[in-house]
Amino acid sequence: MKRNAIVLAVVIAAVALMLFTGVRMTKPKAGTLKLPAVGKNGSVAPDFELKSLEGKPVRLSDFRGKAVLLNFWATWCAPCKVEMPWFVDLQKQYGTQGLQVIGVAMDDSGEEAIAKFAGEMGVNYPVLIGKEAVGDAYGGVEFLPTTFFIDRQGRVVDRVFGLVGHSDIEDNIKKALGVGSPTQANAAPASAKESAR
């Protein structure tokens, strides 16, 4: 009985260390990240065409008019495994309001392994086979996960490197959808007043 408790404690400590190390490794050090203007907040998200797991070409511009959560991930990325179930739930919750989660797999494990992994994770959104050129268009995807939040007009409203909390992701989704923002709420009455004049 005592031995089982010790083994359990060692396993828990090992898992905690792996998660901590994964989070630390995916976060950039202050001052070391230099991205080009593309992909910065307010810039137009670069369009691309990638193949889906079903073999169909998918373009980012196909989703214009929707808010997009664009997530670069890999099957070996421990923090990615933490946030993917959140994306599944958030797609269910906000999909009817115009959210589209898109996953871009950036590893070399092959389409079959990526499809199997996505199936095991219960992914309910498109998974695309990534290319380095697409990552480069977004400023270089040096850290996984890397997530861009894109509004309905195709502009980047925020980007996140590494694992963040569920509530942070949800706040960025709301920004991309244009809901819950005081400036959005105030903009409608002001424009209504101007058109009434």
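For the structure itself, look to the data block above.
Below, the structure is looked at part by part. (Residues numbered from 1 in each chain as written. Predicted model: local features only at pLDDT ≥ 70, side-chain atom pairs only at ≥ 80, totals over all residues. Heavy atoms only, no water.)

1. Some thoughts on empty space enclosed by the protein
Then, number 1: Evaluated as defined, the whole model comprises 2 cavities of 30 Å³ or more.
Then, number 2: In this model, the largest cavity occupies a volume close to 70 Å³.
Then, number 3: Lining the largest cavity, in full, are A45, L60, S61, F63, R64, K66, V68, I150, D151 and G154.
Then, number 4: Looking at side-chain class alone, the lining of the largest cavity contains 5 nonpolar, 2 polar and 3 charged residues.
Then, number 5: The calculated volume of the second largest cavity comes to roughly 30 Å³. (1 Å grid on protein atoms, 1.4 Å probe; cavity = no way out; pocket = protein on both sides within 12 Å on 5 of 7 lines; lining within 4 Å. Points joined across faces, edges and corners; volume = space filled by probe spheres on them. Nonpolar A, V, L, I, M, F, W, Y, C, P; charged D, E, K, R; others polar.)

2. A few points about the packing of helix α2 (residues 78–94) against helix α5 (residues 166–177)
Then, number 1: The N-to-C vectors of α2 and α5 enclose an angle of 40°; their axes lie 11 Å apart at closest approach. By crossing handedness, the relation of α2 to α5 is classed as right-handed. Facing α2, whose interface residues are E83, W86, F87, L90, Q93 and Y94, α5 presents H166, I169, E170, I173, K174 and L177.
Then, number 2: Residue composition of the contact of α2 with α5, grouped by class: 7 nonpolar, 2 polar and 3 charged. (Axes fitted to C-alpha atoms, helices over the stretch in contact; angles between N-to-C directions. Helix = DSSP H or I, 4+ residues; strand = E, 2+ residues; numbered from the N terminus. Left-handed = near helix turned anticlockwise from the far one by under 90°. Contact = heavy atoms within 4.5 Å.)

3. Brief notes about the sheet that holds strand β4 (residues 99–105)
Neighbouring strands of a sheet are bound in pairs by backbone hydrogen bonds; such pairs are parallel or else antiparallel.
Then, number 1: Taken in spatial order, the 5 strands line up as β5-β4-β3-β6-β7 in an open sheet, and their pairing is mixed. Edge positions in the sheet fall to β5 (127–129) and β7 (156–161), since each has one partner strand and no second. Each neighbouring strand pair of the sheet contributes to a mean axis angle of 20°, computed without reference to strand direction.
Then, number 2: With 5 bridges joining them, strand β3 (residues 67–73) and strand β6 (residues 146–150) adopt antiparallel strand pairing. Counted as the bridge partner of F72 is T146 from β6. (Pairing = 2+ DSSP bridges.)

4. Brief notes about the state of the cysteines
Then, number 1: Inspection of the entire model under this criterion finds 1 disulfide.
Then, number 2: Each disulfide pairs two cysteine sulfurs, and for C77 the partner residue is C80, the sulfurs being separated by 2.3 Å. The sign of the 80° torsion about the S-S bond sets the C77-C80 disulfide as right-handed. In terms of burial, C77 and C80 fall into one category: buried. (Disulfide = S-S within 2.5 Å. Buried < 20%, exposed > 50% of the residue type's maximum accessible area, 1.4 Å probe, protein only.)

5. Description of the pairing of β4
The two faces of a sheet get side chains in turn, since along a regular strand they alternate between them.
Then, number 1: For β4, the buried fraction is high: 7 of the 7 residues fall into the buried class.
Then, number 2: With burial as the criterion, each face of β4 is covered, one bearing L99, V101, G103 and A105 and the other bearing Q100, I102 and V104.
Then, number 3: Bridge analysis of β3 against β4 gives 7 bridges, and the strand direction is parallel. Following the sheet pairing, L70 is matched in β4 by I102.
Then, number 4: With α2 bridging β3 and the parallel β4, this β-α-β connection has right-handed handedness.
Then, number 5: Here 3 bridges tie β4 to β5, and the two strands are oriented parallel to one another. Bridge pairing in β5 links A105 to I129.
Then, number 6: In this region the chain leaves β4, passes through helix α3 (residues 111–120) and returns to the parallel neighbour β5; the handedness of that crossover is right-handed. (Right-handed = clockwise from strand over helix to strand, strands pointing away.)

6. What about the packing of aromatic side chains?
For any two aromatic rings, the description comes down to two numbers: the centre-to-centre distance and the angle of the planes.
Then, number 1: Taken as a whole, this structure holds 5 aromatic pairs when the rule is applied.
Then, number 2: Pairing F72 with Y138 gives two aromatic rings, centres 5.7 Å apart and planes at 55°, and the pair type is tilted. Taken together, the residues F72 in strand β3 and Y138 in the loop between α4 (132–137) and β6 connect sequence positions 66 residues apart.
Then, number 3: Residue classification places F72 among the buried residues on the basis of a relative accessible area of 0%.
Then, number 4: Taken together, the ring pairs connect F48, F72, Y138 and F148 into an aromatic cluster. (Phe/Tyr/Trp six-rings, centres within 6.5 Å; stacked < 30°, edge-to-face > 60°.)

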